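The chain contents come next:
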Amino acid sequence: GLGPRHASDTSQLLLCRQEILNHVLSDIELFVGKLKETSGSVSSKKKLKKKKKDKERGVLPPEPEYETCFQKIKYALNLLGKLKPKLQQPSAPDLVRLIFSTLSFILSNCPWPSLASSIVSPLLTEAAIDLLDESLEKKDCDTWQSLGKAWHTTRAEYPGGQFIPPYIPIFSDGWVPPLPTHRENATHVERPPLGSQNHAASRAPSSPPQLMQAMYEFQARNNKELTVVKGELLEILDQRKKWWLARNSAGERGYIPNNIVGPADQQPAENSMSQAPSRSPGLQMHSTPAEVTAWLRDMGFSKITVKCLGVLNGNQLLEMSQEEMKAVCPEEGRRVFFKLSAVKSSLGHLFPPGASACRTVSTQKNKWT
């Protein structure tokens, strides 16, 4: 007969993790293939002049690709920690030793000696660390220890670990794991501090998922910004400022306005707003309650939301924090806040990194997250 649903869910989760692991290992293998081509071309021409050798070494992959590979190696170790009881031929310890052999090769061909040690996210889980302890031979164990605290400390033990966003990989072939498991993966893979898992849903609005989708197109205006295409999946690396640091599937990094992205499962904006959220129909800081009401109706919000928020003027509405918005409108607060972010952008509330902050409203009390 049919077993309990929990058993079925656990089985599905294990299968999904195995599929994710296969994609992670495949991407690591692709990167190693690039490195082998490069190192092979260099070693086969040892007699060439140094100048020629230096030219050959120029074809090494760029730094962001090394970073991505180191992250995926750590992520693979976390997955192996969870899959250990289920894996046979090869076993989890066999795969760990294979991964460390690969890691040693990558380290010996990395032009940035301290790069691997600087890769914090994802932090390893206790299960992954236990697996490494029991699987590695002395040589590989020495390599592991040489990588520093970020490679053998759990999230709970790492300084400020609770503030490090969960890691979600972006795969070179564009594959994305099924969303429910993806979310489960994001909240559980790195074992957040005790108690935080129970509040994952309530914290979601103030802690956006790390893998997000571009709701609008954005054209970079300088080399610090990142051009994105509507519908593109982005890895959000840093959300502490008004402009977020993002990385695309090609490994390119740069800053984007935080109001042009949304959850990975959300539909991108309709054509009328597809270029950028720069046009906000009628809403200004000086808008009257009547104009606010009209704007809320134009945006398609429910009657109860229009009634609750339509008593405010533009300045009051724009200065509401996300938490205040959700308290007043539990059903649509998050969506209203997302729409207001577009308005704030057009009114000059978002500035690129390094831009003058003197234009921002000095009385603004809330923090945009």
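Scope of this entry: the structure provided in the associated data block. (Residues numbered from 1 in each chain as written. Predicted model: local features only at pLDDT ≥ 70, side-chain atom pairs only at ≥ 80, totals over all residues. Heavy atoms only, no water.)

Concerning the pairing of strand S4 (residues 253-257)
Here is the rule we go by: Being paired, for any two strands, means DSSP has found at least two bridges between them. Only runs of H or I of at least four residues qualify as helices and only runs of E of at least two qualify as strands under DSSP, and these elements are numbered from the N terminus.
Pairing analysis gives five bridges linking strand S3 (residues 243-247) to S4, with the strands arranged antiparallel. Its bridge partner lying in S4, Arg247 is registered against Arg253. The turn joining S3 and S4, which pair antiparallel and follow one another in sequence, is formed by five residues; a positive phi near 90° is taken by Gly251.

So, the packing of aromatic side chains
What describes a pair of aromatic rings is the distance from one ring centre to the other and the angle between the planes of the rings. Here is the rule: Stacked, tilted and edge-to-face are the three classes assigned to paired rings of Phe, Tyr and Trp, where Trp is represented by its six-membered ring and a pair needs centres within 6.5 Å; plane angles under 30 degrees give stacked, over 60 edge-to-face, the rest tilted. Any residue under 20% of the maximum accessible area for its type is buried, any over 50% is exposed, and the rest in between are partly exposed; the area is computed with a 1.4 Å probe on protein chains only. Charges are assigned to positions over rings by a cutoff of 6 Å between ring centre and Lys NZ or Arg CZ, combined with an angular limit of 35 degrees from the ring normal.
Tallying each qualifying case throughout the model produces five aromatic pairs. Here the aromatic rings of Tyr66 and Trp112 are separated by 5.4 Å at their centres, their planes lie at 75°, and the arrangement is edge-to-face. With Tyr66 in helix H3 (residues 63-83) and Trp112 in the loop between helix H4 (92-108) and helix H5 (126-135), this pair connects stretches of sequence that are 46 residues apart. Judged by relative accessible area, which is 0%, Tyr66 ranks as buried. Measuring from ring centre to ring centre gives 6.4 Å for Trp295 and Phe301, while their planes differ by 45°; the resulting arrangement is tilted. By the burial criterion, Trp295 is buried, and Phe301 matches it. Taking the ring centre of Phe105 as reference, the NZ or CZ of Lys36 above it sits at 5.9 Å. In this structure, Lys74 packs its charged tip against the face of Trp151, placed 5.2 Å from the ring centre.

Here we look at the pattern of salt bridges
This is how the line gets drawn: Take a side-chain nitrogen of Lys or Arg and a carboxyl oxygen of Asp or Glu: if they are within 4 Å of each other, that pair is a salt bridge.
Going through the model one piece at a time under the given rule, you end up with nine salt bridges. For the salt bridge of Asp27 with Lys72, the shortest nitrogen-to-oxygen distance reads 2.6 Å. One end of the pair, Asp27, is in helix H1 (residues 5-43); the other, Lys72, is in helix H3, and 45 residues separate them in sequence. With respect to burial, Asp27 and Lys72 carry one shared label: buried. Of the charged contacts, one joins Asp94 and Arg97 as a salt bridge, the two residues approaching to 2.9 Å between their closest N and O atoms. Taken together, the positions of Asp94 and Arg97, both in helix H4 and three residues apart, correspond to about one turn of that helix. According to the relative accessible area criterion, Arg97 is partly exposed, its value standing at 28%. Each of Glu67, Glu235, Arg247 and Arg253 takes part in a single network of salt bridges with overlapping partners.

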